[in-house]
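# Structure at a glance
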Amino acid sequence: MAEQPVDVLIIGAGASGAAVAWSLADTRMHIVCLEQGDWMNPAEYPSSGRDWESRAFGDMAISPNRRGRPTDYPVNDSNSPIAVANFNAVGGSTILYAGHFPRFHPSDFRVASLDGVGDDWPLDYETLEPFYAEDDRMTGVSGLSGDPAYPAKQSVLPPVPLGKSGDTLARGFNDLGWHWWPSDTAVATAAHDGRDQCINLGACTSGCAQGAKASTDITYWPHAMRAGVEVRTRCRVREISVNDDGMASGVWYYDADGEERFQAAEVVVMACNGVGTPRILLNSTSEQFPDGLANSSGLVGKNLMFHPYASIQGIFDEELDGFRGPGVCIWSKEFYETDESRGFVRGFTYEINRGRGPVATAMTGMMSGRIPWGAEHHRAYRDLFCRITGMVAICEDLPEEHNRVTLDPELSDIHGIPAPKIDYTLSENSRRMLDFAVERASEVLRAAGATDIISESPIAAGGWHLMGTARMGKDPARSVVNEWGRSHDVKNLFIVDGSIFVTSAGVNPTRTIQALALYIADQIKKRLANLFD
Amino acid sequence: MSEDTIATDNPLNASQESALAAIVGAMIPASEEYAVPSAADPIIFADILTLVKRHPEPVVEGLAALDDIAESRHGGPFSALGDEDKAAAIAAFSQSGNQHLRAIVSMTAQCYYRDDRVMASLGMEPRPPFPKGFEVEQGDLSLLDPVRARGRIWREA
């Protein structure tokens, strides 16, 4: 069954799809977004129930394979030390993200020129700065101006509380003379744009029942829909079709009833993340594009970047924040920029993650052997409860073509669409960076008073950030989209998600994904008269 | 009816259920000192069984491993052992590194640490986080003075 043609068809209603839809809405074009997931009901988020920690192991798990909702698709990540994490809904993975909301640093756009690795981006920090600021307003970014690790930038809302955990670790950083600063976060610390302020539920990564965390279902989407954008949920796109001129003509998708439909469109915008986008492009084969759409460079699906993460937690004698408060707190950029004496290039951010709930405390203690079975369980548990805090190190991942997304020849979703297959190897540079990060974090924790250290490196379940698989660039032989997000091969096809990242930086990507989406939307609006030239 | 007959949607038969109760009770026993029940307490164990119904495979596999230990070390299935041998088999199982042990520990922890009596013992109100939320201290931003004094560290590009 065919639908009436639309002007712009956006695939995916997550971080980038929401931003590009909102920005393009002021053109008054007919814009439709197809989203495979549902609208979420915040009243049903885990923090409304006594089983709030338990549901993170089940229907709100970060792994689509474990979660197994009908709105999910399976991912074969058995050949990767890091498993893919995502969420499929209006709001996408912002439903489950912690709300860490750093910008890239100026140096992140120039890694080849500065450090001789990867490639430079075809744009720079200065170009994106106004779009970062626009995204900050839409998101309601909380933070503290004046961070010496960044060029000047304003925060929209006050920073999240340091709490006992932040205070304790800040003293550790100060003791060593190392940088730290209250984190920029997507957690509203005051009422903002119809959202209420954070009340320290502590369950941010299972969805925010308070609506304080800026998932795009409650930030961009209400504005975009009031401006006329239509969102169709439970619509899973199988492939993009092309006409005889080599232009995208629309998409084939399955609707909520499983019916196959075709939606014609003048412009198609991909916003499905660094795994979902190459999956659809590689599945969109034709006589003109036998290797998948927009893939004349052969780079669709290649250069997959996660952020290798290490978790380094300390055990303290005094009571800290524990289960209370958002996971976001303070960060350190002490080791962000390259210093080759460390044995690796590029760097990482430490993000302090405050504490953990009663179940997570038990799991941490029992699985690490610190809480025994039997009569001693209770005393040992109380030695850890509300006494664990620490940090993660989010390490820059450099692009390598052998790290890639392909189509699995056997595994498929409920509609028979091939599942993505991940092949990923941790580089020697990443291993050295992770080891260094664990060692330095242990020093901070000891300086702050920790009596014991628990670390995991890399975090096996931590493939939260999916980047690089349809990179942007000026050279069609070395990139998939141009410097303003348009496919080199298909001139009415745009990509706005993390796929287009050239390098990963050592920070969470959402703020940059959204700034890029707003920038690309702005470029589209400025070029409407000759968009396909 | 045989005790090995599954007559409900419970994926465990009676002997498996009994073995699981013995495991979780050994994992987290009751404590008078902390005024907390055992994880085998009827209310908590019923909660555990609800969770097991959703993800039975690792628990069933784990219990099979316990039976293997019982057979090899004590000459019979776990259900046929005396109390002392059962305790020894469970102790061996807890140290076995069995791949399914994590699931049993996880389900036990998930249910035990949301029980009213346990939360009260920990000083927590027996309620979900929302809608009341929690208090967190603002903290001391004057701790930033040395960071500010050090000055800019970002790299020109």
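Preceding block: the structure.
Throughout what follows, the structure given in this document is the object of discussion. Each chain has its residues counted from 1, following the order in which its sequence is written. Here every chain gets a letter starting at A, and every ligand a number starting at 1, in the order they are written. With the structure being a predicted model, the display of local features is reserved for residues of pLDDT at least 70 and the display and counting of side-chain atom pairs for 80 or more, all residues being used for whole-chain, interface and lining totals. In computing side-chain properties, one takes all heavy atoms of the structure into account and sets aside hydrogens as well as water.

### Quick notes on the overall build of chain A
If you tally the helices and strands in chain A, you get 11 helices and 16 strands. Computation of the radius of gyration draws on C-alpha atoms, with the globule rule given as 2.2 Å multiplied by the number of residues to the power 0.38. Taking 2.2 N^0.38 as the reference for a compact globule, 533 residues should give roughly 24 Å; the C-alpha atoms of chain A span a radius of gyration of 22 Å, in line with that estimate. The C-alpha extent of chain A, read off along each of the three principal axes, is 70 × 50 × 45 Å. Counting over 533 residues, chain A shows a buried share of 67%. Any two residues whose heavy atoms approach within 4.5 Å at even a single point are treated as in contact. Partitioning the intrachain contacts of chain A with sequence separation of at least 6 by distance along the chain shows that 73% fall at a separation of at least 24. Positive charges are assigned to Lys and Arg, negative charges to Asp and Glu, while His and the chain termini are left out of the count. Where a charge lies is defined by one atom per residue type: Lys uses NZ, Arg uses CZ, Asp uses CG and Glu uses CD. One way to put it: in chain A the 47 positive side-chain charges average out to a point 4 Å from where the 70 negative ones average out. A run of H or I in DSSP counts as a helix once it spans at least four residues, and a run of E counts as a strand once it spans at least two, with each numbered from the N terminus. Burial classification: accessible surface area is computed with a 1.4 Å probe over protein chains only, and a residue below 20% of its type maximum counts as buried, one above 50% as exposed, and the rest as partly exposed.

### Side note on the overall build of chain B
Of regular secondary structure, chain B possesses seven helices and zero strands. Going residue by residue from the N terminus, the α and β elements of chain B occur as α-α-α-α-α-α-α. Taken against the 2.2 N^0.38 rule, which gives 15 Å for 157 residues, the C-alpha radius of gyration of chain B at 23 Å runs more than 25% over that of a compact globule. Considered along the principal axes of its C-alpha atoms, chain B spans approximately 75 × 40 × 35 Å. Within chain B, buried positions represent 46% of all 157 residues. Summarising the internal contacts of chain B: among those between residues at least 6 apart in sequence, 58% fall at separations of at least 24. Summing over all exposed atoms, chain B offers an accessible surface of approximately 8,100 Å²; the carbon and sulfur share of this is 50%. Counting 13 positive and 24 negative side-chain charges, chain B places the averaged centre of each group 14 Å from the other. Working definition of accessibility: Shrake-Rupley area with a 1.4 Å probe, residue cover restricted to the visible protein chains.

### Focus on helix α5 (residues 101–112) of chain B
Between the first and last residue of a helix there are one fewer steps than residues, each counted as 1.5 Å, and that sum is the expected span. For α5 of chain B, with 12 residues, the first-to-last C-alpha span of 16 Å sits near the 16 Å given by 1.5 Å per residue. Burial within α5 of chain B is extensive, with 11 of its 12 residues counted as buried.

### Examining the side chain of E53 of chain A
Residue and element names in this part refer to chain A. As for its placement among the helices and strands, E53 is situated in the loop between β2 (31–34) and α2 (64–67). For E53, which is buried and forms no salt bridge, the nearest opposite charge comes from R356, at a distance of 8.2 Å. Polar contact is defined as a pair of N or O atoms within 3.5 Å, subject to the rule that within protein one atom must be able to donate a hydrogen and the other to accept it, and that residues adjacent in sequence are counted only when both atoms are side-chain atoms. At a separation of 2.7 Å, a polar atom in the side chain of E53 contacts the main-chain amide nitrogen of V359. Every residue in contact with E53, bar those within four places of it in the chain, is listed here: G357, P358, V359 and A360. Any Lys or Arg side-chain nitrogen found within 4 Å of a carboxyl oxygen on Asp or Glu counts as a salt bridge.

### Points about the nonpolar core
The criterion is simple. A nonpolar core is a set of buried Ala, Val, Leu, Ile, Met, Phe, Trp, Tyr and Cys residues joined through side-chain atoms within 4.5 Å. Counting residues in hydrophobic clusters, the biggest one holds 132 residues, and the most contacted among them are W221, I240, I312, F348, Y350 and M391 of chain A. Once you skip the residues sitting within four places of it in the chain, W221 of chain A turns out to touch A13, G14, G17, A18, A21, C33, W39, V90, T216, V229 and V231 of chain A. Of all hydrophobic cores here, the second largest spans 57 residues; its members include A19, A39, L101 and Y112 of chain B.

### Observations concerning unusual backbone geometry
In this structure, the amide linkage connecting S457 of chain A to the following residue, P458 of chain A, adopts the cis form with an omega of -10°. You can see P458 of chain A is positioned in the loop between β15 (452–456) and β16 (493–495). With an omega of 10°, the peptide bond between F130 of chain B and P131 of chain B qualifies as cis. With respect to the secondary-structure elements, P131 of chain B resides in the loop between α6 (116–121) and α7 (145–150). Positioned with a positive phi, R28 of chain A is a non-glycine residue whose angle comes to about 65°. Mapped onto the elements, R28 of chain A comes out in the loop between α1 (15–25) and β2. Taking the relative accessible area as the measure of exposure, R28 of chain A reaches 62% and is therefore exposed. Positioned with a positive phi, N200 of chain A is a non-glycine residue whose angle comes to about 65°. Inspection of the secondary structure assignment puts N200 of chain A in the loop between β4 (181–182) and α6 (220–226). In this structure N200 of chain A comes out as buried when scored by relative accessible area, which is 9%.

### Brief notes about the packing of helix α1 (residues 14–27) of chain B against helix α3 (residues 56–74) of chain B
All names here are of chain B. Where helices are involved, their axes are fitted lines through C-alpha atoms of the stretch in contact, as for all axes, and angles between N-to-C directions lie from 0 to 180°. Two elements in contact, α1 and α3, have axes whose closest approach is 10 Å; the angle formed by their N-to-C orientations is 85°. Between α1 and α3, the angle falls in the class roughly perpendicular. Along its contact with α1, which presents Q16, A19, L20 and I23, the element α3 presents V59, V60, L63 and L66. The class makeup of the residues in the contact of α1 with α3 is seven nonpolar, one polar and no charged. Here is the rule for angles: anything less than 35 degrees is roughly parallel, anything more than 145 is roughly antiparallel, 65 through 115 is roughly perpendicular, and the remaining ranges are oblique. In this classification, Asp, Glu, Lys and Arg are treated as charged, Ala, Val, Leu, Ile, Met, Phe, Trp, Tyr, Cys and Pro as nonpolar, and every other residue, Gly included, as polar.

### A closer look at empty space enclosed by the protein
Residues and elements named next belong to chain A. Of the grid points, spaced at 1 Å and generated over the protein atoms alone, those admitting a 1.4 Å probe that cannot get out make up cavities, while open sets with protein on both sides within 12 Å along at least five of seven lines make up pockets; any residue with an atom within 4 Å of a point is treated as lining. Grid points are joined across faces, edges and corners, and a volume is the space filled by probe spheres set on the points. Enumeration according to the criterion identifies four cavities of 30 Å³ or more in this entry. Taken as a whole, the largest cavity holds about 90 Å³ of empty space. Every residue lining the largest cavity is counted, 16 residues in all, and those nearest its centre are C198, L201, G202, C204 and C208. Here the residues of the lining of the largest cavity are counted per class, giving 10 nonpolar, five polar and one charged. Volume-wise, the second largest cavity comes out at about 60 Å³. When grouped by side-chain class, the residues that make up the lining of the second largest cavity number six nonpolar, two polar and four charged.

### Comments concerning helix α2 (residues 42–54) of chain B
All names here are of chain B. Taking 1.5 Å per residue, 13 residues should reach 18 Å; α2 reaches 19 Å between its end C-alpha atoms and fits that length. Along α2, the positions that sit buried rather than exposed are I44, F45, I48, L49, L51 and V52. Axial view of α2: buried residues confined to an arc of 160°, hence all on one face. The outward face of α2, more than 90 degrees from its buried face, is lined by the exposed residues P42, I43 and R54. In this structure, the buried side of α2 is in contact with α1, α3, α5 and α6. When we speak of the arc, we mean the arc of directions from the helix axis to the C-beta atoms.

### Considerations on the interface of chain B and chain A
Between chain B and chain A, the residue contacts involve 56 residues of the former and 63 residues of the latter. Buried surface at the junction of chain B and chain A, both sides included, amounts to about 5,200 Å², of which 67% is carbon and sulfur. Counting across the interface, chain B meets chain A through four salt bridges. The partner of R150 of chain B in a salt bridge is E334 of chain A, with the nearest N and O atoms 2.6 Å apart. When residues of the side of chain B that touches chain A are traced back to their parent elements, those giving at least two are α1, α4 (83–94), α5, α6 and α7 of chain B. At seven residues, α5 of chain B tops the list of elements feeding residues into the side of chain B that touches chain A. In short, buried area is how much 1.4 Å probe accessible area vanishes from two parts on joining, totalled over both.

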